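Coordinates in review
Below are the chains, spelled out letter by letter.
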There are 4 protein chains.
Amino acid sequence: MITSFLARSTRASARLSTSLTTPISGLRFKSTGMFSKVKRIGFVGLGNMGLPMATNLFNGFKHEADFIVYDINQKTTSTFVKDHNTDPNNKDKVKVAKSPLEVAQQATVIVTMLPASQHVESVYFGKTGLLDGLTDKHLVMDASTIDQSMAVRVAKDLHEKGAKAIDAPVSGGTGGAQAGTLTFMVGSRTDADFDIAKPYLAKMGKNIVYCGTNGNGQVAKICNNMLLGISMIATSETMNLGVRMGMDPKLLAGILNTSSGRCWSSEVYNPCPGVQENSAASRGYTGGFGMPLMAKDLRLAVNAAVETKSTVLLGALAQQLYNQMAANKEYENLDFSAAYKWLSENGK
Amino acid sequence: MITSFLARSTRASARLSTSLTTPISGLRFKSTGMFSKVKRIGFVGLGNMGLPMATNLFNGFKHEADFIVYDINQKTTSTFVKDHNTDPNNKDKVKVAKSPLEVAQQATVIVTMLPASQHVESVYFGKTGLLDGLTDKHLVMDASTIDQSMAVRVAKDLHEKGAKAIDAPVSGGTGGAQAGTLTFMVGSRTDADFDIAKPYLAKMGKNIVYCGTNGNGQVAKICNNMLLGISMIATSETMNLGVRMGMDPKLLAGILNTSSGRCWSSEVYNPCPGVQENSAASRGYTGGFGMPLMAKDLRLAVNAAVETKSTVLLGALAQQLYNQMAANKEYENLDFSAAYKWLSENGK
Amino acid sequence: MITSFLARSTRASARLSTSLTTPISGLRFKSTGMFSKVKRIGFVGLGNMGLPMATNLFNGFKHEADFIVYDINQKTTSTFVKDHNTDPNNKDKVKVAKSPLEVAQQATVIVTMLPASQHVESVYFGKTGLLDGLTDKHLVMDASTIDQSMAVRVAKDLHEKGAKAIDAPVSGGTGGAQAGTLTFMVGSRTDADFDIAKPYLAKMGKNIVYCGTNGNGQVAKICNNMLLGISMIATSETMNLGVRMGMDPKLLAGILNTSSGRCWSSEVYNPCPGVQENSAASRGYTGGFGMPLMAKDLRLAVNAAVETKSTVLLGALAQQLYNQMAANKEYENLDFSAAYKWLSENGK
Amino acid sequence: MITSFLARSTRASARLSTSLTTPISGLRFKSTGMFSKVKRIGFVGLGNMGLPMATNLFNGFKHEADFIVYDINQKTTSTFVKDHNTDPNNKDKVKVAKSPLEVAQQATVIVTMLPASQHVESVYFGKTGLLDGLTDKHLVMDASTIDQSMAVRVAKDLHEKGAKAIDAPVSGGTGGAQAGTLTFMVGSRTDADFDIAKPYLAKMGKNIVYCGTNGNGQVAKICNNMLLGISMIATSETMNLGVRMGMDPKLLAGILNTSSGRCWSSEVYNPCPGVQENSAASRGYTGGFGMPLMAKDLRLAVNAAVETKSTVLLGALAQQLYNQMAANKEYENLDFSAAYKWLSENGK
């Protein structure tokens, strides 16, 4: 699992452990940072990631709060309601909203999980978007991976309404979403906002990493995934070169991993089949983190580089390479570590 | 120190511990793998690396063996003799040879430490080269970083003479050479050859890593340094991007290092000044592993890729970038992590 | 001049020559493709490019039509009115509009020249944008260089209003804008639309190139400039390499230009100073096509590649390099051929 | 044909036309630059290129001189002798030498055509190499494409023997070799040497281009082919991008070719099938200039860049890409313009 390496951030851990010693009663979780008097929790975006996240959030809070969900795909929301709205004493336990606006009008704690910046723009700022329904009673957490600039704009507009805004992109994939072991990289205006958001995120993830002010959750995710994306291709080039020069791949990986070449991609997720038993490479590159997702994250990185006048030569090249593999029928559904397969199938 | 991360290889360690329990008497170290009846040890190449290595080898064996040294720079050999030939009872303790051939004629254990493949070719195969003086009594260890093909050719020709051949390129830089803490990546024909060579290498280094057959020492070094060279630029691009997007560099490094982006360059040797106290970055990029050395190692990697029909897109790009910095007066003498400085000084 | 190389497109030329034999009377230019009964021409965007273009358009049509202009910078529009509204018999000859909408309400032929996609979006679709004022009497020509997708969206929305839409990005720079020698790369729904737009464009440019349907003007410009941008760096690398290998640059350029390496950048605009008398390189890289403009066009190209799942490895690398130079104080104001200077100042 | 674009160099042409007005008698061609009293011409290297070149040289001089040939492949030399040694009055008209040395001992004008630097080193400087047989009566022309440094070394050693040395790498491929329409890029110590060599080269090629001093023939070829290699990939990326954005390839090529993006690869040898009738692309990329040859020439370019501390980012990337295609079974035998096929087959 990609996310299993992320430790709880120290500041957060410190707070969390304190909070756990505090007695919890009813819906007031002041000392743990829980948002007070939550009656209904909203969730917008029930896709491959959003659906299992919403499920975990529901299971974690079903005794404290009711739910309202929204997705443009009505089949998904119907299923969610059918699966969870099973309390004979509360027929409104889980409702489907007609629009994001209705979510904002009925719920005070809201999570959104959307594919890209344009969907976030539409859900927050569109005609029946969230924004018009928000007040100073709201806590809104966006778990989408989007441009920093859009995350900053969302936060600014929410703050003007008095609402609390959290950007919290995740890593961990659909596996992590289902298991509730995602990592959240969190940007928030204040420590207090971070503390208030944390218990909700903790129902969906294992590691809640503090990254600084609003937008910095996106920065952390974009930066980490750019470095990861480059390292994976670099490890693939290195393993392929070494094997063709005659070295045993396990021996080579062992030397790299005790040397200055080591990286997460060589140590934990080696792209050469057989080097590690549990790597995607050793199960035909199935599952894991798909080519289009890595291509998307690197695109965000390259765009951010242009905006900030930063040079990312290797980042731009890696973006092209994942893009190329994501556009290839044989590779588009494989894990991003299939960069090794791409290289090694050539020249035989 | 770049080399401090390399553990002793398991197989070697196993043998070494066995050998240490065996009684040692006189110059016969059969059970420890020490070459029998060594009377004189030879060293060819007393440059920035070779001189401190030869000094450590001398200090480690001065009670068991005499020495003979060769370098085209006679000033260096004179100084070495003056410094070490101080035994009043043995005026021949340390001698200067007129040629590599003379080294081969007088010494049975020989270490060579030369800048590049063409120097190895000349020292071994030139008119008064080592080769013509070698017999089945010889153990020759080449610590130079060269093409795999040249290492394989050296081994083949030495084996035809009956000599034992070891390729043992190092990492650790001049600091490691002086402190005797180098890492040797060792290729040898047999385990027995590896065992015989090990006690000599152990006087000059701390980690003696078994890499397989002759030439594989070079493969391991080339592969590790290619991955290292790419990772360092990737880390520099990432840190620079993150900082320009507004993140605190220490916080960003902390997140990367507990996440899937982590690599040796981000964790141990972060190129952003101030992130780690003891990094080259935090002392103005002085000392460390210089731009021309990284450029040279990546050139070997790119050449090896062409020879083996392997694709190294990121490797070739990184090679160009180190080459560019090595050709720049302001950067040529800096540590290779100054790739961060190169990126960060732009666009301000 | 970058634009002097573009010949009139054949199809257009054919039509134009036919049209010139047709008698012209009053404001009806039906046979030449001129839009019938134009009373007022509008121009939105009086920047470095727009101002001289509007001036040439005014001078070309001042006897047939009145004018209305709009720019967010009121100083610019005031100056334009002061300079051109000099007819004592027609105090409304040139007016300033309060919004793009007012331009649409008063003029039937409109040209827009804006910096980027987001400005086009705002001017056309914003609250007081053009769109709401458009009818089936309108001809609107957008000379901005923007994403193909935005150009297609503009055309679609204009067509729904019944208006004629033309995308006509230019090359030729401010020099071409002033001299009226720009090249327009034109996308239009029909040949008839192209013919109607052509006489207006012909007052501002010398070469009016037919590129196909709406959006294709942008495609042609983006593709040409990507190839140009890569070729310029390639020529710079080649000239720098040859000179360092000892060749006279004029001799080398001569050989390339009669050989398979030749390109516009080597033949017409050689980046090595002294090779061609009139190149930007021979006047210190002043004037010409600036680094930020090339960086912007390559960004459009890379974005288009991602959208269409095309691989542009060299394009992405060139984008990073122009971006790097555009972010450097010493290079940001230089012509894009200063890529040679960038390379040649290293390694001396 | 790749070489058909290279005009005769002006200086050479001027001399040649003068010489043609001079009466020619017997074997003395002093005024035309022909080497005096040639009795036997030698040719070393009868491979795919060398064999047709030697044939043309034989046919051009069979009335003035006898021949001696050498190749490690004895079958080839036997065939050459059988085919050409048909004069009943002169049984020694064409002989096979036992070594390059014997060629030097019997012929005074010698042409060599070898695959790479190491073969040149062996043929010139090996145990029974040319060098030991050379005198101040010799003219030696090396048509191999090799490192500049090796060409310079050859010239230097030949000059020490008093011989005249010419480096004259060719372009034009096996088709040009057979048709006698090769282009020679010529480095020579003096104009006089160039003039003396020219009549021989003119029997094998159409364009004899003066490039300056010894080694510069190699520089010109390496530089031209690096620019060509990059331009071809750039043109392929551009055509592929434009086509995927919806443009007709012929229309796009037409616009590029009248614009600043034009290059030899877009104008004369467009890699998109159907754009030009006679391109390799329009006959399935068969024939032409193969992937391994372009990969080899770019390797020489990248090596030269490292030697001269020049940066060739695009050159290094292009080298990797041709290398990748040369290592792929489906592409290794195709023309280098199949870079377009490589890109366009992805993402469909």
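Since the structure is predicted, the reported quantities are computational estimates derived from the model, not experimental observations. (Residues numbered from 1 in each chain as written. Chains lettered and ligands numbered in written order. Predicted model: local features only at pLDDT ≥ 70, side-chain atom pairs only at ≥ 80, totals over all residues. Heavy atoms only, no water.)

A few words on the interface of chain C and chain D. Taken residue by residue, the interface counts 60 residues in chain C and 60 residues in chain D. If you look at where chain C meets chain D, you find 2 salt bridges. A salt bridge links C:R262 to D:E267; its shortest N-O distance comes to 2.9 Å. Counting across the chain C and chain D interface gives 20 residue pairs in polar contact (both at pLDDT 80 or more). Elements with a contribution of two residues or more to the side of chain C that touches chain D: β9 (205-210), α9 (216-244), α10 (249-257), α11 (264-267), α12 (291-307) and α13 (313-326) of chain C. Sorting elements by how many residues they give to the side of chain C that touches chain D places α9(C) first, with 19 residues. Of the residues in the side of chain C that touches chain D, the class split is 37 nonpolar, 18 polar and 5 charged. (Contact = heavy atoms within 4.5 Å. Salt bridge = Lys/Arg side-chain N within 4 Å of Asp/Glu carboxyl O. Polar contact = N/O pair within 3.5 Å; in protein donor to acceptor, adjacent residues only side chain to side chain. Helix = DSSP H or I, 4+ residues; strand = E, 2+ residues; numbered from the N terminus. Nonpolar A, V, L, I, M, F, W, Y, C, P; charged D, E, K, R; others polar.)

This part covers the interface of chain B and chain A. Each side of the interface is counted separately: chain B has 60 residues, and chain A has 60 residues. Approximately 5300 Å² of surface area, both sides summed, lies buried where chain B meets chain A, with 67% of it carried by carbon and sulfur atoms. Between the two partners, chain B and chain A, sit 2 salt bridges. At the boundary of chain B with chain A, the tally comes to 20 residue pairs in polar contact (both at pLDDT 80 or more). Of all the secondary structure elements, the ones that give two or more residues to the side of chain B that touches chain A are β9 (205-210), α9 (216-244), α10 (249-257), α11 (264-267), α12 (291-307) and α13 (313-326) of chain B. Top element by residues in the side of chain B that touches chain A is α9(B). It accounts for 19 residues. (Buried area = accessible area lost by both parts, 1.4 Å probe.)

Superposition of chain C onto chain D requires a rotation of 180° combined with a translation of 0.1 Å along the rotation axis, giving an RMSD of 0.1 Å. In the structure described here, the two chain copies are related by an operation that fits a two-fold rotation axis. Closest approach to the rotation axis among the C-alpha atoms of chain C is made by C:C263, whose C-alpha sits 1.9 Å away. A shared interface surface links the copies, since 100% of the contact residues of chain C are contact residues in chain D too. (Least-squares fit on C-alpha atoms with pLDDT ≥ 70 in both.)

Over its 14 residues, helix α13 (residues 313-326) of chain D runs 20 Å from end to end, which matches the ideal 20 Å to within 8%, given 1.5 Å per residue. Most of α13(D) sits out of view: 14 of its 14 residues are buried. (Expected span 1.5 Å × (residues − 1). Buried < 20%, exposed > 50% of the residue type's maximum accessible area, 1.4 Å probe, protein only.)

A word on the relation of the copies chain B and chain A. Here chain B sits on chain A after a turn of 180° about the axis and a move of 0.0 Å along it, with an RMSD of 0.1 Å. Taken as a fraction of all interface residues of chain B, those also at the interface in chain A reach 100%, which identifies the copy contact as same-surface.

For the coordinates displayed, the defined rule picks out 40 salt bridges over all chains. The salt bridge partner of C:E121 is C:R153, with a shortest N-O separation of 3.2 Å. Here C:R153 lies in helix α6 (residues 148-160) and C:E121 lies in helix α5 (residues 117-125), a separation of 32 residues in the sequence. Each of the salt bridges in this network shares a partner with another, and the network as a whole consists of A:R40, A:D66 and A:K93.

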